[in-house]
Amino acid sequence: MPPFNLTSLTPATFILAGIPGMEKSHIWISIPFCSIYLAALLGNGVLLFVIRTERSLHQPMYLFLSMLAIADLMLSTTTVPKMLALFWFRAGEISFDACLTQMFFLHFSFSAESVILLAMAFDRFVAICYPLQHAAVLTQSVVVKTGLVALLRSFCIIFPCIFLLKRLPFCGHNVIPHTYCEHMGIARLACADISVNVLYGLAVPFAAIVVDVILIAVSYVLILLALFRRPSRTARHKAFNTCGSHVCVILLFYIPAFFTVLTHRFGREIPHHIHILLANLYVLFPPLMNPVVYGVRTQQIKEKVMKVFICPKSCLLQE
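Rules used throughout
Residues numbered from 1 in each chain as written. Predicted model: local features only at pLDDT ≥ 70, side-chain atom pairs only at ≥ 80, totals over all residues. Heavy atoms only, no water. Helix = DSSP H or I, 4+ residues; strand = E, 2+ residues; numbered from the N terminus. Buried < 20%, exposed > 50% of the residue type's maximum accessible area, 1.4 Å probe, protein only. Phe/Tyr/Trp six-rings, centres within 6.5 Å; stacked < 30°, edge-to-face > 60°. Pairing = 2+ DSSP bridges. Contact = heavy atoms within 4.5 Å. Salt bridge = Lys/Arg side-chain N within 4 Å of Asp/Glu carboxyl O. Disulfide = S-S within 2.5 Å.

**Comments concerning unusual backbone geometry**
And step 1. Even without glycine at this site, arginine 90 takes up a positive phi of about 55 degrees.
And step 2. Here arginine 90 is to be found in the loop between helix 2 (60–89) and strand 2 (93–95).
And step 3. On the accessibility criterion, arginine 90 (79% relative accessible area) is exposed.
And step 4. The backbone of cysteine 171 shows a phi angle near 55 degrees, a positive value even though the residue is not glycine.
And step 5. With respect to the helices and strands, cysteine 171 occurs in the loop between helix 5 (140–166) and strand 3 (175–176).
And step 6. Judged by relative accessible area, which is 37%, cysteine 171 ranks as partly exposed.

Below, the structure is given as structure tokens:
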């Protein structure tokens, strides 16, 4: 008997099925999804433009914020255009390699964003607990190296997933009941043991994110202890304001993420289309809200946006 060729069982293409049970509503669902995506592009684009053009914002806090905006754009752009093509034109076909690429950048941007949020927490910790050393500790060189660490860690965590999926035979199963490709969604189509995929996909990235969350929590505990020791109420209020935006962004990022993971793993009674809707909102909602939170709560950004976009127009009118 000739040897069994596993490579012949790798499909040339996958079919993204969209939201199972809600196929007739795809067009209607696409309207808010497209609107949120365009608003996220606009908000993060404005944020990047203002930080890039205003030299007074070339500080660690705002440089980390620009990294966060880039990660948000990657997170949503990796998934939403293909999702809208599926909803509008029923273009659910995606090549095997393109599916793996989408999966990689989806998880990669999520992991990178987590590291950036940790770096922002460390920046707030140094700024509040050791204000005199802040400029010496968080130089532009350190900020750039932190960005490189975020890229390198995310790459090292997510890249093995590609090989874990490439080794699997699929026996002709190529319909993914989702709007985008993600690691376990692809692995579940395999006609082989996927215990390694389950173990790696849950343990390694989840452990890395949990470590980030613990370090962020420790940072804010130390920040709170330092704030309560300050005698001036005005100083405490100002410090709380500088941390408030970051705390909101952390909650917007981690709460939906953990909720999605936990319901996906343990919420067997929750209908499948609810899982898919939550997963779709997760790649849309943080990229939409992050620039809004920082634009509304951060006075410096609000002033610079007014200066860049409002003042030139008023000056032209006066002339």
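**Side note on the packing of aromatic side chains**
And step 1. Tallied over the entire structure, the rule returns 18 aromatic pairs.
And step 2. Here the aromatic rings of phenylalanine 14 and phenylalanine 96 are separated by 5.6 Å at their centres, their planes lie at 40 degrees, and the arrangement is tilted. Pair noted here: phenylalanine 14 is in strand 1 (residues 13–16) and phenylalanine 96 is in helix 3 (residues 96–129), with a separation of 82 residues, a long-range link. The same class applies to phenylalanine 14 as to phenylalanine 96, namely buried.
And step 3. Both rings, one in phenylalanine 104 and one in phenylalanine 155, keep their centres 6.0 Å apart while their planes meet at 80 degrees; by these two values the pair is edge-to-face. You can see phenylalanine 104 sitting in helix 3 and its partner phenylalanine 155 sitting in helix 5, a full 51 residues away along the chain.
And step 4. Among the residues examined, phenylalanine 104 registers a relative accessible area of 9% and is labelled buried.
And step 5. Taken together, the ring pairs connect Phe104, Phe105, Phe108, Phe155, Phe159 and Phe163 into an aromatic cluster.

**Examining the pairing of strand 1**
And step 1. Burial along strand 1 is one-sided: Phe14 and Leu16 are buried, while Thr13 and Ile15, pointing the other way, are not.
And step 2. Two elements, strand 1 and strand 3, share two bridges in a ladder whose sense is parallel. Residue pairing in the sheet places leucine 16 in a bridge with isoleucine 176 of strand 3.

**Considering the environment of alanine 257**
And step 1. In this fold, alanine 257 is placed in helix 8 (residues 233–266).
And step 2. Note: C-alpha distance between alanine 257 and valine 283 (26 residues apart in sequence) is 9.5 Å.
And step 3. Each residue touching alanine 257, except ones within four places of it in the same chain, is listed here: Phe110 and Tyr282.

**Remarks on the pattern of salt bridges**
And step 1. What the rule picks out here adds up to three salt bridges.
And step 2. A salt bridge links lysine 166 to aspartate 97, with the nearest nitrogen and oxygen atoms 3.6 Å apart. Taken together, the positions of lysine 166 in helix 5 and aspartate 97 in helix 3 put the pair 69 residues apart, joining distant regions of the chain.
And step 3. Across the pair arginine 153 and aspartate 212 runs a salt bridge whose closest N-O atoms are separated by 2.9 Å. Of this pair, arginine 153 sits in helix 5 while aspartate 212 sits in helix 7 (residues 195–228); the two residues are 59 residues apart in sequence, bridging distant segments of the chain.
And step 4. Among the residues examined, arginine 153 registers a relative accessible area of 22% and is labelled partly exposed.
And step 5. The class for aspartate 212 is buried, based on a relative accessible area of 2%.

**Topic: the environment of leucine 132**
And step 1. Within the fold, leucine 132 resides in the loop between helix 3 and helix 4 (134–137).
And step 2. When its relative accessible area of 79% is taken as the criterion, leucine 132 is described as exposed.
And step 3. Leucine 132 sits 113 residues away from isoleucine 19 along the chain, and the two C-alpha atoms are 53 Å apart.

**Section: the state of the cysteines**
And step 1. Going through the model one piece at a time under the given rule, you end up with two disulfides.
And step 2. Here cysteine 99 engages in a disulfide with cysteine 181; their sulfurs sit 1.9 Å apart. Negative torsions about the S-S bond denote left-handed disulfides, and the value of about -115 degrees found for cysteine 99 with cysteine 181 makes this one left-handed. Of this pair, cysteine 99 sits in helix 3 while cysteine 181 is found in the loop between strand 3 and helix 6 (183–187), placing the two residues 82 residues apart along the sequence. Comparing cysteine 99 with cysteine 181 shows no difference in burial state: the two are buried.
And step 3. Across a sulfur-sulfur distance of 1.6 Å, cysteine 171 and cysteine 191 are joined as a disulfide pair. With the S-S bond torsion at 75 degrees, the cross-link from cysteine 171 to cysteine 191 turns out right-handed. Note that cysteine 171 is positioned in the loop between helix 5 and strand 3 and cysteine 191 in the loop between helix 6 and helix 7, a separation of 20 residues in sequence.
And step 4. For the chain, the disulfide bridges join cysteines in the arrangement 1-3, 2-4, where the cysteines are counted in sequence order.
And step 5. Cysteine 156 forms no disulfide, and the closest cysteine sulfur to it belongs to cysteine 161, at a distance of 12 Å.
And step 6. Take cysteine 248: it sits in no disulfide, and the sulfur closest to it among the cysteines is that of cysteine 243, at 11 Å.

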